[in-house]
Amino acid sequence: MATLISIPSFAPHAFLRLLLLFSSYSLPTSSFNITDILFSSPDLSAFTALLTTTAVSADLTTRSSLTLLAVPNAYLRPQPSSTNFPDVLRYHVLLEYLSLSDLRSIPPTGKLVTTLFQTTGRAASNSGSVNITYDSSSNTVTFHSPTSNATLLSLIKTLPYNISILSINSLLIPYNLDLMASETRPPLGLNITKALIDGHDFNVAASMLAASGVVSEFEADEGGAGITMFVPTDEAFADLPSSVKFQSLPADEKAVVLRFHVLHSYYPLGSLESIVNPVQPTLATEQNGAGSFTLNISRVNGSVGIDTGIVQASVTQTVFDQNPVAIFGVSEVLLPREFFGRNPIEVNKPTGGGGLMGTALPPDIALSPENPPGMYGPSGHSSAPPPAAAAEAVGDLRIFLGLWCTGICYYLLLSV
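Residues numbered from 1 in each chain as written. Predicted model: local features only at pLDDT ≥ 70, side-chain atom pairs only at ≥ 80, totals over all residues. Heavy atoms only, no water.

- Taking an unreviewed UniProt entry as the reference, the protein is identified by name as FAS1 domain-containing protein belonging to Handroanthus impetiginosus.
- Its UniProt record, at the heading Subcellular location (unreviewed entry), says of the protein: "Cell membrane".
- Heading Sequence similarities (unreviewed entry) of the UniProt record for the protein holds this comment: "Belongs to the fasciclin-like AGP family." (UniProt positions renumbered as here; feature names shortened; annotations may be inferred.)

So, in structure tokens, the structure goes:
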């Protein structure tokens with residue numbers, strides 16, 4: 001006699017709907033190239049060029065949710081060449097995803113939204129926020145700064161729920177920001193190598209910068225948004241393990257590592273201590289692509305901590321700080337995981353040349369496959385799997401659930 005198996009009653013249709021919903025799940029976008037998106041809108045070409053030349057576009061690569069207020073060519077009047085102008089552009093980056101329906105549901109009192117400018121530490125009090133109002137009678141959305149207003153023209157692009165690009169009819173100028181500053185202040189003209197030698201504990205770094213030629217790049221970047229340099233002390237170079245063949249790197253890769261020590265924005269110490277977005281692009285990021293060669297910066301034990309994914313360093317002293325250049329001494333040589341991790345990458349080189357790609361990873365600086373706590377710093381941003389690996393994992397899970405669902409359905413049919 002066949003034995004009947006009792007199956008608990010449940011709602012198979014609801015169960016199948018749940019499985020189908022889960023199998024259609026896709027990972028959210030963690031980063032994007034804003035200029036690639038804007039290139040599809042020719043009437044925003046001038047605004048796109050401003051984002052690129054001021055390096056503000058690099059600031060956006062680590063942002064996963066934002067609204068960009070872009071000004072079309074017809075409304076973008078010529079602007080003075082100002083050291084403050086990059087902060088004007090950062091004021092047009094709202095740190096919140098806003099769709100048209102979100103904007104049209106704003107209450108009459110308005111909505112205050114934080115901008116990328118607020119995160120720099122250069123915005124006085126709350127002046128880095130934009131107030132948004134909606135007039136239902138005229139169906140008009142207006143963006144207000146303390147000194148200017150702009151009206152919404154249209155929605156350019158939306159990638160729910162990561163990025164929304166809106167066009168507005170005027171630039172917004174933050175409070176107390178002087179666009180004529182560069183006309184009244186002479187260029188700084190800092191000799192970075194001399195400043196390091198005068199610091200008495202940075203002779204190795206000064207020699208390497210001069211020999212590589214990248215110091216001239218850094219000095220050229222003193223205009224615009226400025227630069228922030230993290231310079232290892234002589235002791236930091238002396239303490240490098242013998243297995244780390246840093247001095248043996250090809251010249252082009254050594255130059256990339258030096259660029260990895262520099263942010264393309266001026267951050268005084270107070271701004272670093274209160275930085276909102278810990279993952280910061282470097283000059284090496286601009287050369288090799290979004291998401292690569294980034295530093296994780298956060299406040300650790302009362303000082304500024306810098307995490308590369310392999311090395312955890314701290315700011316030990318201020319060598320030089322005068323807008324638009326800040327130079328800080330750091331306790332360790334910042335080794336990028338792109339070169340010294342388990343899977344070194346081929347860098348983008350201006351010319352041909354060899355590489356580190358065939359070099360075996362020194363065991364004492366290898367990334368742990370278990371990714372122990374603290375390896376990537378307090379924020380844990382870098383501990384997330386790379387997008388390709390995550391997508392592959394989701395794909396495998398979908399296949400498994402599909403087979404499992406098929407088996408359950410087949411079993412239920414046999415049991416009827």
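### With respect to the sheet that holds strand β11 (residues 294–300)
Item 1. Across the sheet, seven strands lie side by side as β9-β8-β14-β13-β12-β11-β10; this open sheet has mixed pairing. Because the sheet does not close on itself, it has two edges, and the strands there are β9 (262–263) and β10 (279–281).
Item 2. Across five bridges, the pairing between β11 and strand β12 (residues 303–307) is antiparallel. Bridging across to β12, V300 finds its partner in S303. (Pairing = 2+ DSSP bridges. Helix = DSSP H or I, 4+ residues; strand = E, 2+ residues; numbered from the N terminus.)

### Regarding the nonpolar core
Item 1. Counting residues in hydrophobic clusters, the biggest one holds 54 residues, and the most contacted among them are I192, F218, M229, F230 and I327.
Item 2. Looking at this core, the element that brings in the most residues is strand β14 (residues 325–330), giving five residues.
Item 3. Residues in contact with F218, not counting those within four places in the same chain, are I192, L209, I227, M229, L258, R259, V262 and L283.
Item 4. The next biggest cluster of nonpolar side chains, apart from the first, holds 41 residues, and it includes V56, L68, L76 and I106. (Core = buried A, V, L, I, M, F, W, Y, C linked by side-chain atoms within 4.5 Å. Buried < 20%, exposed > 50% of the residue type's maximum accessible area, 1.4 Å probe, protein only. Contact = heavy atoms within 4.5 Å.)

### Things to note about the pairing of strand β5 (residues 140–144)
Item 1. Pairing analysis gives five bridges linking strand β4 (residues 129–135) to β5, with the strands arranged antiparallel. Looking at β5, one finds that D135 is bridged to T140.
Item 2. In sequence, β4 turns back onto β5 through a hairpin of four residues, with N139 there showing a positive phi of about 55 degrees.
Item 3. The pairing of β5 with strand β6 (residues 149–159) spans three bridges and is classified as antiparallel. Considered in β6, the bridge of F143 is made with A150.

### Some words on the pattern of salt bridges
Item 1. Summed over the entire model, instances satisfying the criterion amount to six salt bridges.
Item 2. Across the pair D87 and R122 runs a salt bridge, and its minimum N-O distance is 2.8 Å. With a gap of 35 residues between them, D87 in helix α5 (residues 85–90) and R122 in the loop between β3 (111–114) and β4 connect regions that are remote in the sequence.
Item 3. Residue class for D87 comes out buried when judged on its relative accessible area of 5%.
Item 4. K111 is the salt-bridge partner of E96, the closest N and O atoms lying 3.2 Å from each other. On the criterion of sequence distance, the pair formed by E96 in the loop between β2 (93–94) and α6 (100–104) and K111 in strand β3 is long-range, its members being 15 residues apart.
Item 5. Looking at E96, the relative accessible area reads 28%, which means it is partly exposed.
Item 6. Taking the relative accessible area as the measure of exposure, K111 reaches 28% and is therefore partly exposed.
Item 7. What you see here is one network of salt bridges that share partners, running through D59, D87, R90 and R122. (Salt bridge = Lys/Arg side-chain N within 4 Å of Asp/Glu carboxyl O.)

### With respect to the side chain of N162
Item 1. Along the polypeptide, N162 turns up in the loop between β6 and β7 (163–168).
Item 2. For N162, a relative accessible area of 8% gives the class buried.
Item 3. Polar contacts involving the side chain of N162 include one to the main-chain carbonyl oxygen of S64, which spans 2.7 Å. (Polar contact = N/O pair within 3.5 Å; in protein donor to acceptor, adjacent residues only side chain to side chain.)

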